[in-house]
Amino acid sequence: MEKPISVPKTQAPAKPKSRVGSTIVLGVGILLALLFAASTAYSGMKAGLTVAAGIPGAIIGSAVVRAFARRQGFAGTNEMQGMASGGETVASGMIFVLPAVLLIGAQINFFEAVLVGTLGVLFGIGTASIVENHLIVGSKDTLLYPEAMAISETIRASAAGGQGMKMMASGFGIGGLLTMATGSMFGWINNHFVMYGPKDFKWKFELEVNPLLAGIGFIVGMQVALQMFAGSLLANFAIAPLIGYFTDMAGGGHEVWNAAGTAVSSLGFDGISGSYNRYLGAGMMLCGGLIGAVKLVPVIGRSLKVAFGGKEKRSMFGIMLLGFAILSVFVLSSIFSGNIMIGLLGGGLAMLLAFVFVVVAANLTGTIGTSNLPVSGMTIASLVLLTVLFVAMGWTSDFDLRSLLLLATFAVTAISIGGGYSQTQKATELVGAARPKMQRRFLLAAVIGVVTVVGVIVVLAPQLADTSADAAFGLPQANLIAALTSGIITGQLPFTIIFIGVAMGLVMHFLKLPIMTVAIGFYLPMATTAIILVGAIVRMIVEGKGKPANQERVQHGVSLSSGLIAGGSIIGLTGILLSISGVLTHGTPTGILAGNGAAVALLAVLVIAMLFFLRKSSVTAKTNK
């Protein structure tokens, strides 16, 4: 098998590194960890998708090194991208479960949640460090770590020029300005195109002109975007109209299963979607998660054999982190739950599951990268087993359910860290930097990420707890987690609907379709998947016939899209913070700016701006050559 392309260690600068340069690198790394944690938390809760921060971090890091810290070289750039990844990795895990605490009607204690997330970080890094040398060095011919290779090549390429940074800045400007003009901040113009079908065929088409979602669509590409949009088509133009056809026949005495007093015959599209479609989607996601977990069984066996084979060089610092985390989980889970048995049995099972899946995640990242890592599937498998334990032990109160979700938050944070940490350390190895130093930097960035993500969730708590049809945040994974845990414990889960969703997932599995991707599209509003598809279409236009020049434009497009995501999420989050604090009152579009036509015009502005800057980037690149 071909060996991975790496940046030779001899390319590292020979000059001694200055303290000023090192301080600048560390400071920017901390800012990147905070930025990507907040951005990922916001965009992930909005769309159910997250984007890896390694390559954007490498581009920003290269610009900082060239401008302020040349003596830091590739190692300095790598340090900053690793810290960006640390913040993003934490957010990519915690947002799956922690918001579910709000969805069950409980409250999140900031310091308690920070402790839980931090222990997940310590446990994840400690466990991954046990197999680090084997996976990164010992298996270099079989585990290629494709995204780490891309990061190392980005570091090398970005050292020569700043086009990627310019694209990110342009994207940030576009995303920020469009987000400011819409309901996320000032509310000057409507950005939501929506059309409903007639009463006898209850469909709904909608599209939200959202720069960060368009950026996600460009990055994930046409295949994933189409699969998600296919899920929305199935939900909006097949299942909902079918259910609506039969609900129209229901008698006046038939009520909606989860809304006593609401007649089934009175349901419009939004009522059908909220009461039935979302639970079908939950069943599909459950099916996808469990099938993914079963597929991991051989990988689990191989990974654990490596972990306990006795030939692995251990990181003493990592082992210390792991030991401290184990002791703390037992103690704190007992204190937080008020039940020492929950601490011993629940905490013990959570750590056992986390250990197994962290090793699996570290292994799988070497093959498929972190962007495709099945964290949700491993989380669902862990959660179901934890829930079964709680039910078997009679821990079924609302307070016990909250304790269960906090243990699940610990587990998913550790699992996510396993993949992100291993990828970062592989990139560090490829550029010839020091992995022990990166381990400490990644730890710092991840803890900063925990504080940031918990802070964002606490501040957005009122919006996240909203489960109405037009809720600001989709939260597909967190809604699934909340529905599963509370439904299993109380016995009030609509099992018939869930089982039908599972059957639909099995059909997709037999057809070799990606269940989780289609299911998320089924669950999310079409407004979200439609704009993601628009971003993918822009990428298809840019790619053309796949010429080398077009591929360069695609890379610039990834940088531009990273800026769109950062600008849209940071400005959107700022708008919510200003609104909550009373500094800003969202306006309401009026007249021509309030209709569907305004949304279409805004969409045209977004698409034209993306194509303009990408075309300009290719012209600039040719001129420079």
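Keep in mind the model is a prediction, meaning the values are calculated, not measured. (Residues numbered from 1 in each chain as written. Predicted model: local features only at pLDDT ≥ 70, side-chain atom pairs only at ≥ 80, totals over all residues. Heavy atoms only, no water.)

Engineer: I'd like to hear about the overall build of the chain, residue by residue, with values.
Structural biologist: Secondary structure assignment for the chain yields 22 helices and 4 strands. Burial status across the chain gives 58% buried among its 625 residues. A fraction of 85% describes how many contacts in the chain between residues 6 or more apart in sequence connect residues 24 or more apart. (Helix = DSSP H or I, 4+ residues; strand = E, 2+ residues; numbered from the N terminus. Buried < 20%, exposed > 50% of the residue type's maximum accessible area, 1.4 Å probe, protein only. Contact = heavy atoms within 4.5 Å.)

Engineer: Before we move on, can you summarise the nonpolar core with the specific residues and values?
Structural biologist: Of all hydrophobic cores here, the largest spans 179 residues; its most connected members are Met 45, Leu 98, Phe 123, Phe 410, Val 453, Leu 460 and Leu 606. In this view, Phe 123 contacts Leu 322, Ala 325, Ile 326, Met 351, Ala 354, Phe 355, Phe 410 and Ala 414; residues no more than four positions away in its chain are not counted. Within the second largest apolar cluster, 13 residues are counted, among which are Val 28, Ile 59, Met 80 and Met 168. (Core = buried A, V, L, I, M, F, W, Y, C linked by side-chain atoms within 4.5 Å.)

Engineer: Tell me about helix α11 (residues 316-337), and please be specific about residues and values.
Structural biologist: Look at α11: 31 Å from first C-alpha to last across 22 residues, which is about the 32 Å you get at 1.5 Å a residue. Listed as buried for α11 are Gly 318, Leu 321, Leu 322, Ala 325, Ser 328, Val 329, Ser 333, Ser 334, Phe 336 and Ser 337. Positive phi appears at Gly 338, one or two residues downstream of α11, with a value of about 70°. (Expected span 1.5 Å × (residues − 1).)

Engineer: Just give me the short version of the packing of aromatic side chains, but keep the residues and values in it.
Structural biologist: The relation between two aromatic rings is expressed through the spacing of the ring centres and the mutual angle of the planes. Inspection of every chain in the model, using the stated rule, returns 10 aromatic pairs. Ring centres of Tyr 245 and Phe 246 lie 5.3 Å apart, and the angle between their planes is 85°; on these two criteria the pair is classed as edge-to-face. Where Phe 612 meets Phe 613, the ring centres are 5.4 Å apart and the plane angle is 80°; that geometry is what we call edge-to-face. Note on Phe 612: relative accessible area 48%, which makes it partly exposed. You can call Phe 613 partly exposed: its relative accessible area is 23%. (Phe/Tyr/Trp six-rings, centres within 6.5 Å; stacked < 30°, edge-to-face > 60°.)

Engineer: Summarise the packing of helix α4 (residues 110-130) against α11; cite the residues concerned and give the values.
Structural biologist: Their axes nearest at 8 Å, the elements α4 and α11 cross at an angle of 145°. α4 and α11 meet at a crossing whose hand is left-handed. On α11, the residues touching Glu 112, Leu 115, Val 116, Leu 119, Leu 122, Phe 123, Ile 125, Gly 126, Thr 127, Ser 129 and Ile 130 of α4 are Gly 318, Ile 319, Leu 321, Leu 322, Phe 324, Ala 325, Ile 326, Ser 328, Val 329, Leu 332 and Phe 336. Here the contact of α4 with α11 is built from residues that sort into 16 nonpolar, 5 polar and 1 charged. (Axes fitted to C-alpha atoms, helices over the stretch in contact; angles between N-to-C directions. Left-handed = near helix turned anticlockwise from the far one by under 90°. Nonpolar A, V, L, I, M, F, W, Y, C, P; charged D, E, K, R; others polar.)

Engineer: Let's hear about a nonpolar patch on the surface: which residues, and what values?
Structural biologist: Nonpolar side chains collect at one region of the surface, where Ile 340, Met 341, Leu 344, Leu 345 and Met 393 lie side by side and expose about 440 Å² of accessible area between them. Along the chain, Met 393 turns up in helix α13 (residues 375-393). (Patch = residues over 30% accessible without salt bridge, like charges linked within 9 Å, V, L, I, M, F, W, Y side chains within 5 Å. Areas by Shrake-Rupley, 256 points an atom, 1.4 Å probe, with all protein chains shown as cover. Salt bridge = Lys/Arg side-chain N within 4 Å of Asp/Glu carboxyl O.)

Engineer: Explain the pairing of strand β2 (residues 204-208) to me, using residue names and the numbers behind them.
Structural biologist: Remark: a regular strand shows side chains that alternate across the two faces of the sheet. The buried fraction of β2 is high, at 4 of 5 residues. Taken together, the 5 bridges between strand β1 (residues 192-196) and β2 define a ladder with antiparallel strand orientation. Each bridged residue has a counterpart across the sheet, and for Tyr 196 the counterpart in β2 is Lys 204. (Pairing = 2+ DSSP bridges.)

Engineer: Mind laying out unusual backbone geometry, listing which residues take part and the relevant values?
Structural biologist: Residues other than glycine predominantly adopt negative phi, and peptide bonds predominantly adopt the trans conformation. Not every positive phi belongs to a glycine, and Lys 512 is a case in point at roughly 60°. The residue Lys 512 is located in the loop between α18 (495-510) and α19 (515-523) in this model.

Engineer: Tell me about the confidence of the model for the chain, and please be specific about residues and values.
Structural biologist: Mean pLDDT over the chain: 83, with 88% of residues reaching 70 or higher. Segment residues 1-15 is flagged for pLDDT under 50; beyond a separation of four residues in sequence, or across chains, it makes 27 contacts in the model. (pLDDT = per-residue confidence, 0-100.)

Engineer: If you had to explain the pattern of salt bridges to someone new, which residues and values would you point to?
Structural biologist: Taken as a whole and judged by the stated rule, the model has 10 salt bridges. Across the salt bridge formed by Lys 204 and Asp 270, the nearest N and O atoms sit 3.2 Å from each other. Within this pair, whereas Lys 204 is found in strand β2, its partner Asp 270 is found in helix α9 (residues 269-295), the two being separated by 66 residues in sequence. Note on Lys 204: relative accessible area 8%, which makes it buried. By relative accessible area, which is 29% here, Asp 270 ends up partly exposed. Within the structure, one salt-bridge network assembled from shared partners comprises Glu 79, Lys 437 and Arg 441.

Engineer: How would you explain the environment of Thr 77 if you had to name every residue and give the values?
Structural biologist: Structurally, Thr 77 is set in helix α3 (residues 73-103). Taking C-alpha positions, Thr 77 is 6.5 Å from Val 65, a pair spaced 12 residues apart along the chain. When residues no more than four places from it in sequence are discounted, the contact partners of Thr 77 are Ala 58, Gly 61, Ser 62, Val 65 and Ile 155.

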